[in-house]
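Each chain, letter by letter, is given below.
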Amino acid sequence: MSDEPVDEVRAASAVGPTMHEWPTGRLLSTASRLVEHAWTESLDRLGLTHAGLVVLHLLQEKPRSQTDLARLARVENQTISRTLERLQRQGFVTRTADRSDRRRHIVTVTPAGVDVWNSARTLERDLMPEVDEPESFRASLLAIIASSAAKRWEPEA
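Residues numbered from 1 in each chain as written. Predicted model: local features only at pLDDT ≥ 70, side-chain atom pairs only at ≥ 80, totals over all residues. Heavy atoms only, no water.

Draft legend 1. Examining the overall build of the protein chain more closely. Helices and strands together make up the secondary structure of the protein chain, namely eight helices and three strands. When the helices and strands of the protein chain are placed in sequence order, the string is α-α-α-β-α-α-β-β-α-α-α. By the burial criterion, 25% of the 157 residues in the protein chain qualify as buried. On the protein chain, roughly 11,200 Å² of surface is accessible, and the fraction owed to carbon and sulfur atoms is 52%. (Helix = DSSP H or I, 4+ residues; strand = E, 2+ residues; numbered from the N terminus. Buried < 20%, exposed > 50% of the residue type's maximum accessible area, 1.4 Å probe, protein only. Areas by Shrake-Rupley, 256 points an atom, 1.4 Å probe, with all protein chains shown as cover.)

See below:
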């Protein structure tokens, strides 16, 4: 596994402008990659992927169809299918044919899936530094995402 973002930060601090002089977009991009790297390592230890974590999160409320999971996760049905296959092999979810429509599958989280979800729920607290105003920080991130995603994703129905 590459330490590319860490190497970039080290190189940038040794040569050229300090990170304090970087444009905000570069800071956000670097922070994103570093957080993603740490998340990926931690999820891997739990036997999860980021996509798997998203699915388990969506299933905490109730069982859902594969199509609904894809829509809510904002991915294609084929993509969610691969994620569900992995989660099912690991015993974290079950998929059963819908009684009213055999072409449709209902996905349910298993007790093992609930356990791994509960273990993963502390990752944010464990991996992220504390910020002075967490709600303001989250609001800023949501605003950045909303502004950047406006052309990419359709609004939820």
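Draft legend 2. Representation of the nonpolar core in the model. In terms of nonpolar packing, the biggest core is built from 21 residues, with L48, L56, L69 and L84 touching the most fellow members. Secondary-structure elements contributing two or more residues to this core are helix 2 (24-46), helix 3 (50-59), helix 4 (66-73), helix 5 (77-89), strand 3 (105-109) and helix 6 (111-120). Those residues in contact with L84 that sit more than four places away from it in its chain are V55, Q66, L69, V93, R95 and V107. (Core = buried A, V, L, I, M, F, W, Y, C linked by side-chain atoms within 4.5 Å. Contact = heavy atoms within 4.5 Å.)

Draft legend 3. Highlighting the sheet that holds strand 2 (residues 93-97). Strand order across the open sheet formed by three strands is 1-3-2, with antiparallel pairing between neighbours. The open sheet terminates on both sides in strands that have one partner only, identified here as strand 1 (64-65) and strand 2. The sheet contact formed by strand 2 and strand 3 spans five bridges and is antiparallel. By the bridge assignment, V93 is partnered in strand 3 with V109. (Pairing = 2+ DSSP bridges.)

Draft legend 4. Fine view of the pairing of strand 3. Sheet analysis places strand 1 next to strand 3, joined by two bridges and oriented antiparallel. Residue pairing for strand 3: S65 is matched across the bridge by I106.

Draft legend 5. Geometry of unusual backbone geometry. For R74, which is not glycine, the phi torsion reads 60° and is therefore positive. Its location among the elements puts R74 in the loop between helix 4 and helix 5.

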